[in-house]
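What the coordinates show
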Amino acid sequence: MKKRIPWLVLAAPPQVVLNASPSRPDRKLHGRFLHITDIHTDPYYIKGSSQSSRCHRKESDKDRRAGYYGIPFGTCDSPWTLTNLTFEHLEDNWSPEIDFVIWTGDNARHDEDHEIPRTLDEIFALNRAVAKKMEDVFLRKGIPVVPSLGNNDVWRPNEITDEFASIWDAFIPSASRSSFRKGAYYAVEVIPDALAAISLNTMYFYHYNQAVRGCVVGDVSDPGNLQFDWLEEQLEMFRARQMQVWVTGHVPPSDYHYFPECYYRYAGLSLRYQDVILGSLFGHLNVDHFYFVDAADLNVRMPSRGFEGTIFEALMADFEALVKGSKHLNYDDYAVVTVSPSSVPNPYLPSFRVFSYNISGLGSTTVGAVGEDEYLLMTKKNRASRWKHLPYRHGNDGSRQCMDAGYRDSWRCKLRPWRSDSDSPSRQNTLWTPLGYAQYYIPQLDEPKFKLEYLTFPIPSLYRGEGPVPLRNLPKSLREARVTKSELAPYELSDLTIPSWLDLACKLGKPREKKLRKLFKKYMYMGGEDI
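Residues numbered from 1 in each chain as written. Predicted model: local features only at pLDDT ≥ 70, side-chain atom pairs only at ≥ 80, totals over all residues. Heavy atoms only, no water.

**Considerations on the pairing of strand β5 (residues 195-199)**
Most of β5 is tucked away: five of the five residues are buried. By the alternation rule, side chains of β5 split into Leu 195, Ala 197 and Ser 199 and Ala 196 and Ile 198, which are all buried. Both strand β4 (residues 186-191) and β5 contribute to a ladder of four bridges, which runs antiparallel. Its bridge partner being in β5, Ala 187 is matched across the sheet by Ile 198. As for the winding sense of the linkage, the β-α-β connection from β5 through helix α5 (residues 223-240) to strand β6 (residues 244-248) is right-handed. (Buried < 20%, exposed > 50% of the residue type's maximum accessible area, 1.4 Å probe, protein only. Helix = DSSP H or I, 4+ residues; strand = E, 2+ residues; numbered from the N terminus. Pairing = 2+ DSSP bridges. Right-handed = clockwise from strand over helix to strand, strands pointing away.)

**Regarding the nonpolar core**
Counting 155 residues, the largest nonpolar core has Val 101, Trp 103, Met 134, Phe 138, Trp 168, Phe 292 and Trp 432 as the members making the most contacts within it. In terms of nonpolar packing, the next biggest core, distinct from the first, is built from five residues, Tyr 45, Ala 66, Ile 71 and Cys 76 among them. (Core = buried A, V, L, I, M, F, W, Y, C linked by side-chain atoms within 4.5 Å.)

**Brief notes about the state of the cysteines**
Under the counting rule described, the total for this entry stands at three disulfides. The partner cysteine of Cys 402 in its disulfide is Cys 413, sulfur to sulfur 2.0 Å. Taking the sign of the S-S torsion, -80° for the link of Cys 402 and Cys 413, the bridge is left-handed. Pair noted here: Cys 402 is in the loop between α8 (374-388) and α9 (405-408) and Cys 413 is in the loop between α9 and β11 (434-441), with a separation of eleven residues, a long-range link. Taking relative accessible area as the criterion, Cys 402 reaches 10% and is therefore assigned buried. (Disulfide = S-S within 2.5 Å.)

**A look at the sheet that holds strand β10 (residues 351-357)**
What the six strands build is an open sheet, ordered β3-β2-β1-β10-β11-β12; its pairing is mixed. Either end of the sheet is taken by a strand with one partner, and the two such strands are β3 (145-147) and β12 (451-455). Neighbour-to-neighbour, the strand axes of the sheet open up by a mean angle of 25°, direction not taken into account. In this sheet, β12 lies alongside β11 in antiparallel orientation, the contact comprising four bridges. Each bridged residue has a counterpart across the sheet, and for Tyr 440 the counterpart in β12 is Leu 452. (Axes fitted to C-alpha atoms, helices over the stretch in contact; angles between N-to-C directions.)

**A closer look at the sheet that holds β6**
Pairing is mixed in the open sheet, where six strands are placed in the order β4-β5-β6-β7-β9-β8. Each edge of the sheet is formed by a strand with only one pairing partner; in this case those strands are β4 and β8 (289-294). Geometrically, the sheet is characterised by an average inter-axis angle of 25° between neighbouring strands, direction not taken into account. As paired strands, strand β7 (residues 277-282) and strand β9 (residues 334-339) are joined by three bridges and run parallel to one another. The residue bridging Ser 280 from the neighbouring strand is Val 337, located in β9. Strand contacts of helix α7 (residues 311-324): β8 and β9, with the helix running at about 50° to β8, the strand carrying the most contacts. (Contact = heavy atoms within 4.5 Å.)

**So, the confidence of the model for the protein**
The predicted structure's coordinates, where accompanied by low pLDDT, should not be read in detail. Across the protein, pLDDT averages 91, with 92% of residues at or above 70. Confidence over residues 1-22 falls short of pLDDT 50; this stretch has 39 contacts with residues more than four positions distant or in other chains. (pLDDT = per-residue confidence, 0-100.)

**A short note on a positive patch on the surface**
A surface patch of like charges, here positive, comprises Lys 449, Lys 451, Lys 476 and Arg 479. Among the secondary structure elements, Lys 451 is positioned in strand β12. The exposure class of Lys 451 is partly exposed, given its relative accessible area of 45%. (Patch = residues over 30% accessible without salt bridge, like charges linked within 9 Å, V, L, I, M, F, W, Y side chains within 5 Å. Areas by Shrake-Rupley, 256 points an atom, 1.4 Å probe, with all protein chains shown as cover. Salt bridge = Lys/Arg side-chain N within 4 Å of Asp/Glu carboxyl O. Lys, Arg positive; Asp, Glu negative; His and termini not counted. Charge placed at Lys NZ, Arg CZ, Asp CG, Glu CD.)

**Thoughts on the packing of aromatic side chains**
This model, assessed by the stated rule, comprises 37 aromatic pairs. Ring geometry for Phe 33 and Tyr 357: centres 6.3 Å apart, planes at 40°, overall tilted. Of this pair, Phe 33 sits in strand β1 (residues 32-36) while Tyr 357 sits in strand β10, placing them 324 residues apart in sequence. Residue Tyr 357 is classed as buried on the basis of its relative accessible area, which comes to 3%. (Phe/Tyr/Trp six-rings, centres within 6.5 Å; stacked < 30°, edge-to-face > 60°.)

**Topic: α7**
Compared with an ideal rise of 1.5 Å per residue, which puts 14 residues at 20 Å, α7 spans 20 Å between its outermost C-alpha atoms and is within 8% of the ideal. Taken together, the buried positions of α7 are occupied by Ile 311, Phe 312, Ala 314, Leu 315, Met 316, Phe 319 and Leu 322. (Expected span 1.5 Å × (residues − 1).)

**Description of the pattern of salt bridges**
Applying the stated rule across the entire model yields 34 salt bridges. The residue Glu 466 makes a salt bridge to Lys 28 at a minimum N-O spacing of 3.5 Å. With a gap of 438 residues between them, Glu 466 in the loop between β12 and α10 (498-508) and Lys 28 in the segment before β1 connect regions that are remote in the sequence. Glu 466 gets classed as partly exposed once you look at its relative accessible area, which sits at 44%.

**Here's the deal with the side chain of His 40**
For His 40, the location among the structural elements is in the loop between β1 and α1 (80-93). Looking at His 40, the relative accessible area reads 1%, which means it is buried. Polar side-chain contacts of His 40 include one of 2.7 Å to the backbone oxygen of Ala 108. Sequence-distant contacts of His 40, that is, excluding residues within four places in its chain, are made with Asp 77, Ser 78, Asp 106, Asn 107, Ala 108, Arg 109, His 110, Asn 152 and Val 344. (Polar contact = N/O pair within 3.5 Å; in protein donor to acceptor, adjacent residues only side chain to side chain.)

Dropping the structure here:
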């Protein structure tokens, strides 16, 4: 007998399109945005059931029991009680404080219970229900929401764009609907004429998707190649308009998670448009960490780095290698990828993070007025003038190996010359530069309350002007300016530019920095086990 789904009343009917909220150009500009990922709501979750059943049934008296708000460090997905609690907290504490939302996918439960197989209708219904919450909490207040497809949000990864065009109709700008229907990727100007977010469909790059062909050179109809062609057009257009961009998606880019040629295309565009891209925001792995896209990955003489050991061990090995070559680091050769932990307490604890970015110098205090702001226009003019005079320094090195049949048809041998700008916002703290983030989590699910886990800012910056984090959202221990040290501020990064991230990586890459490494690992896994 087929089980009924009693929670469908929470979702919009399949044929109903969520209404777009009216534009709110008068809303205040805060210089903050939310990143939330991997919500994984499970409509079959039952309080008191066994973890071994994915919290769907009682199977063993010895097994861990499902709590009202979930199981911490467990294998079950999120009950609706946790999802509702999270959105209530965000509405009360953060919706008045942010400019936009990056939402990087995986809203449906994992398909890991053979007794209750996940259906396509369930996937769509769960996504509609979570989209409705995003609309109610943020979009109706005029706050743009930028969703991305996760690997658990799709059935057949290449045949769902029409349905999601309906589910996310409220979030997709009319100018982007054509690209979305082609492949579920699109761009949003979250601050018109100033700042954009590009949402990628990483399912076309993901090596587990056997329905695509892996971005092979010359395959003009491959969905991954078509998306990269579109991405390059978007980045070129935003560069011409002197706008800055966040690149977002679900599965983070690496030669481990992507088809090799898809990764090479991603890496090439990340470095070519380093002056446009502020950073890359992803989820999927449920582990808090950062790493680099490296120009060395595009060198045909360099073997694939692969992926060995735990994520922490792999990162420390990469960071130690950075230290060895730190005297010759060239910032032109790097782009940063940040991976946020999940909202689902599987395998760690529920969390989200709020980024702060530089809006100093702007005379305008509302989002709608920023595009015509005198300081912004002057900044754009200066950047455009400087760009014209920068030399081309990078590209195909003419390696003899590119003449060999094994490499000739690789994107690594198709690199065109490009240039870099050391004064761009990803390299130097200026207008739109990311300054840091504050990460929140629920340490005790039996007493569910979001608390600050850590932040990246220097403590003195918390008390300057409006501050990167509203004081009411800081713990009492950090609300007074006399505080100078705290374990909640382990990194004290002045900003999140490429040089700052590389400095932190080089510190972590020194084995003698045992205390810093221990803290980094603690925050990576929230005190749980390595994966």
